[in-house]
Amino acid sequence: MRSPLARFLVRRILTALLLAVGITLVTFVLTNLVPGDPVAANLGQRALGDPAIVAQWRADHGLDRPLPQQYLAHLGGLLHGDLGTSQQSHRPVLDDLAQSVPATLELAGAAIVVSLILGVGFGVVAALRRDRFADHVLRVLSLVGISVPTFWLALMAFYVFFFRLQITPGSGRIDPGMTPPPQVTGLYTVDALLSGRWEVFSSAVGHLAAPALVLALYTIGLLTRFTRSAVLEVLGQDYVRAARAKGLPGRVVLFRYVLRPALVPVITVAGLAFGSLLSGTVLVEAVFAWPGVGQYAYKSATTLDLPAVMGVGLVVGVVYLVINLVVDVLYGVVDPRVRVS
């Protein structure tokens, strides 16, 4: 394999597979260390008083076997695409996740796109206008975005813009009574466009706007501060001064000599922020009744639905592995020094 990029990708994919196995082990161990009895959480009081029913329930869910055997059975199921059956919905966990993951992906994707556009733009402006009025305003705004608790902001946004002003739609992904578009990707905005249902697309965008902006506020503040710091560091390099001394236009210096090296740390932060958005939207999803992974994980954890909890843990772990791989590839795209090494 002659291509360095191909060798790099193969190495990273093999490493990711090993890490995925480690994630299954950690998720399984932590899930079984949680204090509480899944039998008591899933059976009623009368059923709990009957030893035969309890024994049958444990046998049906494989809980009567030693933990190593349970883990090996779990791994065997994963190899066949079987994440187990949810003890609450009585449906395959994979089917439940196929419904909730696209909802969270749509929400987090919209939030990270808004965050990248505004956060990187604000950071560049703040760096170029260092110690001027615009810089001070943007630094204060970024500090507010980082400091305000997301759950409080979600509650305030829902109360003010929906309940009081009625300028945003209510909870859920589309208006009540509206039929979802035929599922292709699971993203209502994309599926509505593909099926040509413009009224559903408009409703989906309206419902997506408020929770996505709430989620984006923290990431915008974070990216603004990191981008400002990275751009200021690059602006002080000798080659940037030399480019300016040669009389190159400011636009050329900015896009050709400043932004590319400055984007490396920003990509790292953006990747971590996207992973955090995908796995940490529980409270925002609860406020806006968004049927995503966060709500599914919360309900599964409160009912000790072990297969569902392990399924969510595996999805979150795989999401971080994929994001890290994408971030490593982007390093080589934006910085030739990384590509050569």
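Calculation criteria
Residues numbered from 1 in each chain as written. Predicted model: local features only at pLDDT ≥ 70, side-chain atom pairs only at ≥ 80, totals over all residues. Heavy atoms only, no water. Helix = DSSP H or I, 4+ residues; strand = E, 2+ residues; numbered from the N terminus. Buried < 20%, exposed > 50% of the residue type's maximum accessible area, 1.4 Å probe, protein only. Contact = heavy atoms within 4.5 Å. Lys, Arg positive; Asp, Glu negative; His and termini not counted. Charge placed at Lys NZ, Arg CZ, Asp CG, Glu CD. UniProt positions renumbered as here; feature names shortened; annotations may be inferred. Salt bridge = Lys/Arg side-chain N within 4 Å of Asp/Glu carboxyl O. Axes fitted to C-alpha atoms, helices over the stretch in contact; angles between N-to-C directions. Parallel < 35°, antiparallel > 145°, perpendicular 65-115°, else oblique. Left-handed = near helix turned anticlockwise from the far one by under 90°. Nonpolar A, V, L, I, M, F, W, Y, C, P; charged D, E, K, R; others polar.

Draft legend 1. Representation of the overall build of the protein chain within the structure. What the protein chain contains, in helices and strands, is 16 helices and 0 strands. Dimensions along the principal axes, computed over C-alpha positions, put the protein chain at roughly 85 × 60 × 40 Å. Counting only residues that meet the buried cut, the protein chain has 38% of its 341 residues in that class. Sequence separation of at least 24 residues holds for 70% of the intrachain contacts in the protein chain that already meet a minimum separation of 6. Here the protein chain contributes 26 positively and 19 negatively charged side chains, and the mean placements of these two sets differ by 17 Å.

Draft legend 2. Structural context of the UniProt feature "transmembrane region" (unreviewed entry) in the protein chain. UniProt records the feature "transmembrane region" (unreviewed entry) at residues 107-128, 140-162, 204-223, 262-288 and 308-334, using the numbering of this structure. Each end of residues 107-128 is marked by a C-alpha atom, and these two atoms are 32 Å apart; helix forms 100% of the span and strand 0%.

Draft legend 3. View of the pattern of salt bridges. All chains considered together, the criterion is met by 6 salt bridges. A salt bridge links Asp135 to Arg139, with the shortest nitrogen-to-oxygen separation between them at 3.7 Å. Pair noted here: Asp135 and Arg139 are both in helix H7 (residues 133-147), with a separation of 4 residues, about one helical turn. According to the relative accessible area criterion, Arg139 is partly exposed, its value standing at 35%. The residue Arg197 makes a salt bridge to Glu199 at a minimum N-O spacing of 3.7 Å. Relative accessible area serves as the criterion here: at 21%, Arg197 is assigned to the partly exposed category. Here the salt bridges share partners, and the residues they tie into one network are Asp135, Arg139 and Arg228.

Draft legend 4. Broad picture of the environment of Leu83. If you trace the backbone, Leu83 turns up in the loop between helix H5 (67-79) and helix H6 (93-128). Here the alpha-carbon distance between Leu83 and Val93, two residues 10 residues apart in the chain, equals 5.7 Å. Not counting residues up to four positions away in its chain, the partners in contact with Leu83 are Leu78, Val93, Leu94, Leu97, Pro307, Gly311 and Leu314.

Draft legend 5. Local environment of the environment of Leu107. Mapped onto the fold, Leu107 is located in helix H6. Judged by relative accessible area, which is 0%, Leu107 ranks as buried. In this structure, the C-alpha to C-alpha distance between Leu107 and Phe163, residues 56 residues apart in sequence, is 21 Å. The contacts of Leu107, once residues within four sequence positions are left out, are Leu208, Pro211, Ala212, Leu215, Glu285 and Trp290.

Draft legend 6. Quick look at the packing of helix H9 (residues 188-195) against helix H10 (residues 198-235). Relative to each other, H9 and H10 sit at 165°, their axes nearing to 8 Å. Compared by their axis directions, H9 and H10 come out roughly antiparallel. In this structure, H9 crosses over H10, and the sense of that crossing is left-handed. On the side of H9, the interface is formed by Tyr188, Thr189, Ala192 and Leu193, while H10 contributes Trp198, Val200, Phe201, Ala204, Val205 and Leu208. Of the residues belonging to the contact of H9 with H10, the class tally is 9 nonpolar, 1 polar and no charged.

Draft legend 7. View of unusual backbone geometry. Its identity is not glycine, yet Gln166 carries a phi of approximately 55°, on the positive side. Relative to the helices and strands, Gln166 resides in the loop between helix H8 (150-164) and H9. Relative accessible area serves as the criterion here: at 63%, Gln166 is assigned to the exposed category. Phi angles above zero are rare outside glycine, and Ala289 is one such case at about 50°. Looking at the secondary structure, you find Ala289 in the loop between helix H13 (282-287) and helix H14 (293-302).

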